Amino acid sequence: MAKLWGGRFKKQTAPAVDHFHSSISFDWRLYPYDIQGSKAHVRMLGRQGIITPEEAQALEEALDEILADIEEGRVELSEGAEDIHMNIEAILIERTGDLGRKLHTARSRNDQVALDTRLYVREHIQLIMAEIRRLQQTLLAKAEANLDVSMPGYTHLQPAQPILFAHHCLAYFHMFQRDWERLADCLERANLCPLGAGALAGVTYPIDREMVAGELGFRGIVPNSLDAVSDRDYILEFLSAGSILMMHLSRYCEEIILWANPSFGFIELDDAYSTGSSIMPQKKNPDVAELIRGKTGRVYGSLMGLLTTMKGLPLAYNKDMQEDKEALFDGVDTVLSCLAVFIPMIETMKINRDAMAEAASIGYLNATDMADYLVQKKGLPFRSAHSLVGQLVAYAIDKGVNLEELSLAEIRAIAPMVDGDVYEHLTVEGCLAARSSAGGTAPREVAAALQRAWTMLEEETWENPGRGGVDRCKSCGSTG
Ligand code: ARG
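Residues numbered from 1 in each chain as written. Predicted model: local features only at pLDDT ≥ 70, side-chain atom pairs only at ≥ 80, totals over all residues. Heavy atoms only, no water.

Novice: What should I look at first to understand the site of the ligand in this one?
Specialist: Close to the ligand lie Ser23, Asp83, His85, Arg109, Asn110, Val113, Tyr317, Gln322 and Lys325. In the model, a nitrogen atom of the ligand is placed 2.9 Å from a nitrogen or oxygen of the Asn110 side chain. A distance of 2.4 Å separates an oxygen atom of the ligand from a polar atom in the side chain of Tyr317. Here the ligand has 340 Å² of accessible area as a free molecule, and 86% of this is covered by the chains. In terms of residue count, the dominant contributor to the shell around the ligand is helix α6 (residues 109-145) (three residues). (Near = heavy atom within 4 Å. Polar contact = N/O pair within 3.5 Å; in protein donor to acceptor, adjacent residues only side chain to side chain. Areas by Shrake-Rupley, 256 points an atom, 1.4 Å probe, with all protein chains shown as cover. Helix = DSSP H or I, 4+ residues; strand = E, 2+ residues; numbered from the N terminus.)

Written out as structure tokens, the structure reads:
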């Protein structure tokens with residue numbers, strides 16, 4: 001196939017080069033955005049008198065037909081035409097001749113590809129944000145259905161203090177809220193239109209960039225033409241927010257893997273979200289959680305890869321930047337596919353409340369409470385109380401019992417100021433209720449936090465910036 005840019009060349013590119021620099025094998029995914037952008041562009045060209053309104057109309061119709069034909073698999077995209085932009089333009093020219101040759105007036109592939117990827121990022125950020133909302137609702141429902149379930153809280157993965165399972169759910173709710181807000185914030189910056197920057201320096205035609213931006217639902221234009229075609233920070237921001245989201249998913253998966261281990265026995269994964277072993281008949285493996293933990297590395301890799309690709313590039317466009325797409329697409333695919341299985345895995349996992357409560361009642365998780373008792377009821381300095389309770393714990397370990405199983409006489413032998421009222425402070429319920437500081441695990445605090453979380457989700461109004469109107473999001477204040 002003759003190259004659309006072939007005028008100044010005397011020889012064909014080597015077949016190996018055709019293959020090497022072609023991006024159609026992956027950037028074909030940009031076709032709907034490319035056509036959407038081209039339609040807005042020709043409409044503007046027509047309105048500005050750069051082409052006639054009839055030509056604009058005819059080009060839009062031809063582009064619509066190409067869109068339908070690609071969707072129905074009626075056209076073949078070719079490696080020889082390099083990328084999705086030139087494939088579509090070549091098909092257009094093949095079908096409409098000189099009319100099609102006007103499409104690329106006042107435009108470069110450099111602002112075109114920046115536009116397409118921004119449109120792609122904008123749409124997919126919103127898909128991911130919607131999935132995060134679904135996940136947050138799942139977490140709140142899980143918390144609500146298990147409001148009275150206690151479990152051990154850990155530090156260093158060693159039993160630390162009792163917590164409510166719902167408190168743990170809410171911890172992740174807030175992490176995912178920040179992930180959502182990071183994406184909303186990234187969306188705001190991505191939602192500017194680069195078209196009209198031309199190759200790098202602007203164009204010589206009387207174009208109307210604001211009109212194109214408005215037609216495509218952007219909140220404005222990228223102000224500087226060099227910047228518009230040469231930065232990919234909106235992709236890096238997306239991959240960065242996606243990496244943090246994956247890190248959160250991965251940590252939760254790590255906990256699920258532990259909880260599903262029979263030594264913990266805190267949860268049972270639904271059969272639909274676990275797998276068996278080819279040799280060991282008894283096994284029920286948390287493969288889904290492991291795979292999400294594993295796939296987290298891919299998204300980090302995409303982020304690192306693109307950061308490295310970009311770091312030495314002089315302004316403006318460089319072909320290196322074609323490497324942005326596989327990173328972006330793989331990042332989006334990975335995040336969405338992980339969320340699609342993570343959410344129902346959480347939804348369907350069975351909470352073994354007895355195993356969780358049992359684990360919260362052993363392992364001296366009430367030792368801090370005994371020290372706090374000595375401070376609050378007996379006036380000891382905390383460090384002294386800590387030391388006495390440490391001795392009591394050592395004694396109880398030797399005897400093989402819990403702290404609350406020691407007799408008052410045994411306790412007094414080490415801490416003579418203790419009275420019989422100490423025991424009510426040592427129950428799991430007592431430990432939980434006492435942690436009533438703001439954001440703590442006391443049941444009343446958790447119930448109120450759960451209510452606030454539901455309200456936060458309900459009050460949100462999020463307008464899709466790609467489909468008309470840019471509204472301010474009530475919960476995070478960002479515009480899209
Ligand atoms: N396929 C190219 C890319 O993704 C499109 C832009 C090409 N521009 C150019 N001047 N060669 O980066």
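More follows now that the structure is in view.
Novice: Could you clarify how one ought to interpret helix α14 (residues 367-376) in this entry?
Specialist: Quick reminder: α-helices carry 3.6 residues per turn. Residues three or four places apart thus point the same way. Buried residues of α14: Ala367, Asp369, Met370, Ala371, Tyr373 and Leu374, and no others. Looking at the buried side of α14, the elements it contacts are α15 (382-399), α16 (408-414) and α17 (428-434). (Buried < 20%, exposed > 50% of the residue type's maximum accessible area, 1.4 Å probe, protein only. Contact = heavy atoms within 4.5 Å.)

Novice: Please explain empty space enclosed by the protein as it appears in this structure.
Specialist: Using a probe with the size of a water molecule, rolled over the atoms, empty space left in the structure can be pinpointed. Scanning the model with the defined rule gives two cavities of 30 Å³ or more in all. The space that makes up the second largest cavity amounts to roughly 40 Å³. Along its surface, the second largest cavity is lined by His41, Met44, Ala106, Leu195, Gly196, Ile207, Arg209 and Val212. Looking at the lining of the second largest cavity, the elements that each hand over two or more residues are α3 (31-47) and α8 (209-215). Tallied by class, residues from the lining of the second largest cavity come to five nonpolar, two polar and one charged. (1 Å grid on protein atoms, 1.4 Å probe; cavity = no way out; pocket = protein on both sides within 12 Å on 5 of 7 lines; lining within 4 Å. Points joined across faces, edges and corners; volume = space filled by probe spheres on them. Nonpolar A, V, L, I, M, F, W, Y, C, P; charged D, E, K, R; others polar.)

Novice: Can you help me understand the packing of α6 against helix α12 (residues 324-348) in this one?
Specialist: For any two helices packed against each other, the geometry is given by the interaxial angle and the distance between the axes. Remark: α6 packs on α12, axes separated minimally by 10 Å, with the N-to-C direction vectors making an angle of 15 degrees. Here α12 runs roughly parallel to α6, going by the angle between their axes. Crossing handedness for the pair α6 and α12: left-handed. Each residue belonging to the contact of α6 with α12 can be placed in one class, and the counts come to 17 nonpolar, four polar and six charged. (Axes fitted to C-alpha atoms, helices over the stretch in contact; angles between N-to-C directions. Parallel < 35°, antiparallel > 145°, perpendicular 65-115°, else oblique. Left-handed = near helix turned anticlockwise from the far one by under 90°.)

Novice: For this particular structure, what's the right way to read the nonpolar core?
Specialist: What tends to happen in soluble globular proteins is that the nonpolar side chains get buried as a cluster. Counting residues in each nonpolar core, the largest one holds 111 residues, and the members touching the most others are Leu249, Tyr252, Ile256, Phe342 and Met349. Setting aside chain neighbours within four positions, we find Leu249 in contact with Leu135, Phe176, Ile292, Cys338, Leu339 and Phe342. Judged by nonpolar contacts, the second largest core, of 21 residues, contains Leu380, Leu403, Ala415 and Leu426. (Core = buried A, V, L, I, M, F, W, Y, C linked by side-chain atoms within 4.5 Å.)

Novice: Even after reading the chapter, I still don't get the environment of Glu410, so can you show me in this structure?
Specialist: Structurally, Glu410 can be placed in helix α16. Setting aside residues up to four positions removed in sequence, Glu410 forms contacts with Leu392, Tyr395, Lys399 and Glu405. Looking at Glu410, its side chain comes within polar contact range of the main-chain nitrogen of Ser407, at 2.7 Å.

Novice: Help me understand the layout of surface pockets, please; the structure alone is not making it clear to me.
Specialist: In this structure, the largest pocket spans a volume of roughly 500 Å³. As for the largest pocket, its lining consists of 24 residues, of which Gly153, Tyr154, Ile163, His168 and Glu255 are closest to the centre. Contributing elements (two or more residues each) for the lining of the largest pocket: β1 (150-155), β2 (158-164), α7 (165-190) and α10 (233-260). For the lining of the largest pocket, the class distribution of residues is 13 nonpolar, seven polar and four charged. Put simply, the second largest pocket is a space of about 280 Å³. Around the second largest pocket sit 14 residues that line it, and Ala260, Asn261, Pro262, Lys284 and Pro286 are the ones nearest its centre. Elements with a contribution of two residues or more to the lining of the second largest pocket: α10 and β3 (267-268). The residue makeup of the lining of the second largest pocket, split by class, is six nonpolar, five polar and three charged.

Novice: Could you clarify how one ought to interpret the pattern of salt bridges in this entry?
Specialist: In the structure shown here, the tally under the stated rule is 27 salt bridges. Where Arg134 meets Glu131, a salt bridge forms, and the shortest distance between an N and an O atom there is 2.9 Å. Separated by three residues within a single helix, Arg134 and Glu131 lie in helix α6, roughly one turn from each other. The residue Lys284 makes a salt bridge to Asp271 at a minimum N-O spacing of 2.8 Å. Here Asp271 lies in the loop between β3 and α11 (287-310) and Lys284 lies in the loop between β3 and α11, a separation of 13 residues in the sequence. Taking relative accessible area as the criterion, Lys284 reaches 33% and is therefore assigned partly exposed. (Salt bridge = Lys/Arg side-chain N within 4 Å of Asp/Glu carboxyl O.)

None of this, on its own, says anything about what the molecule does.
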